[in-house]
Each structure stands twice: as C-alpha cells, then as structure tokens.
Amino acid sequence: MSKSKRPGSKRPILNDDDESLAVTHPNAAGIDVGARELWVAVPPKAVPAGESVRSFSTFTRGLH
C-alpha cells in the first residue's frame, strides 16, 4: 500500500494501487447525502450513456 501525506495534513493520500479501494460490489451505487441535494452514482454500464451520476432534491417532491 502506497501512502503519502498532504502538505499541512495528517491524513494520508491514497494512491491508485491501494488495495483498500478495490471494487468489491461492482453493481452498488454511491450516494452523497447533502442538506439540499442527493448525488447518486451507479456503474456506467448500468444506465444509458451520460446518466451514471444524477442529483435529486432532498424534499419529498424532488425524490418522487
């Protein structure tokens, strides 16, 4: 595992060869939950071109 430090940071930078970032569930979605928006990312092969990342409002109307 290859790690280095960001200047002024205690957290290491993870490189592409880091084994902890290996794909374990290739059909899983990633969801970033914010106060006003949800961002959802799915594998590009699962949806038509250009639609693998979308955002939705966190209000009920936006989720429907």
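Residues numbered from 1 in each chain as written. Predicted model: local features only at pLDDT ≥ 70, side-chain atom pairs only at ≥ 80, totals over all residues. Heavy atoms only, no water.

Draft legend 1. A look at the overall build of the protein chain. Across its full length, the protein chain carries 1 helix and 5 strands. Put simply, the protein chain has 64 residues, and 5% of those count as buried. Contacts in the protein chain between residues far apart in sequence, at least 24 positions, make up 3% of those at least 6 positions apart. For the protein chain, the computed accessible surface area is about 5,900 Å², with 54% contributed by carbon and sulfur atoms. (Helix = DSSP H or I, 4+ residues; strand = E, 2+ residues; numbered from the N terminus. Buried < 20%, exposed > 50% of the residue type's maximum accessible area, 1.4 Å probe, protein only. Contact = heavy atoms within 4.5 Å. Areas by Shrake-Rupley, 256 points an atom, 1.4 Å probe, with all protein chains shown as cover.)

Draft legend 2. Inspection of the environment of Phe-56 at higher detail. In this fold, Phe-56 is placed in strand S5 (residues 53-57). Looking at Phe-56, the relative accessible area reads 25%, which means it is partly exposed. Placed 23 residues apart in sequence, Phe-56 and Val-33 show a C-alpha to C-alpha distance of 9.8 Å. Every residue in contact with Phe-56, bar those within four places of it in the chain, is listed here: Arg-36, Glu-37, Leu-38, Val-40, Gly-62 and Leu-63.

Draft legend 3. Region of the structure containing the pairing of strand S3 (residues 30-33). Sheet analysis places S3 next to strand S4 (residues 37-41), joined by 4 bridges and oriented antiparallel. Paired with Asp-32 across the strands is Trp-39, a residue of S4. (Pairing = 2+ DSSP bridges.)

Draft legend 4. Structural view of the sheet that holds S5. Pairing is antiparallel in the open sheet, where 3 strands are placed in the order S3-S4-S5. Single-partner strands in this sheet number two, and they are S3 and S5. Neighbour to neighbour, the strand axes of the sheet diverge by 20° on average, direction disregarded. (Axes fitted to C-alpha atoms, helices over the stretch in contact; angles between N-to-C directions.)

Draft legend 5. Expanded view of the environment of Leu-63. As for its placement among the helices and strands, Leu-63 is situated in helix H1 (residues 60-63). With relative accessibility at 47%, the residue Leu-63 sits in the partly exposed group. It is 9.1 Å that separates the C-alpha atoms of Leu-63 and Leu-38, two residues lying 25 residues apart in sequence.

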